[in-house]
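Read off the chains here:
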Amino acid sequence: FLEYAAFDTLYHLSNVLTSWMLYPHYRSHALDPPLREWAGWIGKLLRRPARARGREEALAKVRAHEGPLFLLPLQLPTDYQIRDHGPAGGLRDALRTVIASFEAHAPMDAHLLIKVHPLDNGWTRWRRWVEEASTADRITYLDGGDLDVLLSRSAGVVTVNSTVGLTALARGVQVHVLG
């Protein structure tokens with residue numbers, strides 16, 4: 001993370017110092033300006049103990065589950081590919097659609113694990129959205145966790161446009177793509 005943060009800071013600092021002169025009409029693809037992005041990371045850092053407790057509770061629930069496990073890896077709402085090629089209502093609508101479909105059609109012994117993107121800055125209230133959209137106790141939100149371990153347990157992955165889909169296919173896990 002520190003290496004990523006250093007490169008990000010260097011990138012934005014160089015843009016502030018030189019882009020106005022070298023590229024006067026440049027516009028970033030990002031939705032959040034750097035200070036907002038960094039404030040999200042600081043908030044996420046301050047919530048680290050609570051996030052760790054929530055992660056351990058979620059992982060314990062997954063480990064105890066004996067039926068099929070399905071994984072929905074969340075993506076960054078700021079990702080240009082999601083904004084350009086994703087579902088019309090954005091990731092929140094995709095999340096609602098997946099949860100509703102799971103609750104209506106998945107076997108009763110199945111479990112849906114919704115995993116936040118590791119580079120999510122914390123501004124999107126994924127946990128709240130999952131809780132608002134779900135009525136079943138067989139849906140779990142996870143902030144963190146080892147993707148390889150989760151994929152080894154997964155019967156399937158639902159994704160919009162993610163490299164997790166390719167990783168799952170390489171491991172022989174079924175993938176459903178929404179975007």
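What counts and how
Residues numbered from 1 in each chain as written. Predicted model: local features only at pLDDT ≥ 70, side-chain atom pairs only at ≥ 80, totals over all residues. Heavy atoms only, no water. Helix = DSSP H or I, 4+ residues; strand = E, 2+ residues; numbered from the N terminus. Buried < 20%, exposed > 50% of the residue type's maximum accessible area, 1.4 Å probe, protein only. Contact = heavy atoms within 4.5 Å. Areas by Shrake-Rupley, 256 points an atom, 1.4 Å probe, with all protein chains shown as cover. Lys, Arg positive; Asp, Glu negative; His and termini not counted. Charge placed at Lys NZ, Arg CZ, Asp CG, Glu CD. Pairing = 2+ DSSP bridges. Right-handed = clockwise from strand over helix to strand, strands pointing away. Expected span 1.5 Å × (residues − 1). Bend = angle between axes of the 7 residues up to and from the residue.

Enquirer: Run through the overall build of the chain, naming residues and quoting values.
Expert: Per the secondary structure count, the chain includes eight helices and five strands. Taken from N to C terminus, the helices and strands of the chain fall in the order α-α-α-β-α-α-β-α-β-α-β-α-β. The principal-axis extent of the C-alpha atoms belonging to the chain is close to 60 × 35 × 30 Å. Per-residue burial for the chain yields a buried fraction of 36% across its 179 residues. The long-range fraction of contacts in the chain, counting pairs at least 24 apart against all pairs at least 6 apart in sequence, stands at 72%. When the accessible surface of the chain is totalled, it reaches about 11000 Å², and 60% of it is carbon and sulfur. For the chain, the distance from the average site of its 20 positive side-chain charges to the average site of its 19 negative ones is 4 Å.

Enquirer: Residues and numbers for the pairing of strand β5 (residues 174-177), please.
Expert: In the case of a regular strand, side chains alternate between the two sheet surfaces. Note that strand β4 (residues 154-159) and β5 share four bridges and pair parallel. The residue of β5 that forms the bridge with T159 is V177. This β-α-β element, β4 to helix α8 (residues 163-170) to β5, shows right-handed connectivity.

Enquirer: Requested: an account of the pairing of strand β2 (residues 111-115), with residues and values cited.
Expert: Of all five residues making up β2, five are buried, and the element is well covered by its neighbours. The alternating pattern of β2 places H111, L113 and K115 and L112 and I114 on opposite faces, both of which are buried. Summarising the sheet, β2 and strand β3 (residues 139-142) pair through four bridges and their orientation is parallel. From the neighbouring strand, L113 faces β3, where its bridge partner is T140. Where the polypeptide runs from β2 across helix α6 (residues 126-133) and back to β3, its parallel neighbour, the crossover connection is right-handed.

Enquirer: Now, about helix α1 (residues 2-22): what can you tell me, with residues and values included?
Expert: In this model α1 runs 29 Å from its N-terminal to its C-terminal C-alpha over 21 residues, within 8% of the 30 Å that 1.5 Å per residue would give. In α1, a bend of some 45° at V16 exceeds every other bend along the element. If you check which residues of α1 are buried, you get D8, H12 and S19. The secondary structure elements touched by the buried residues of α1 are α2 (34-46).

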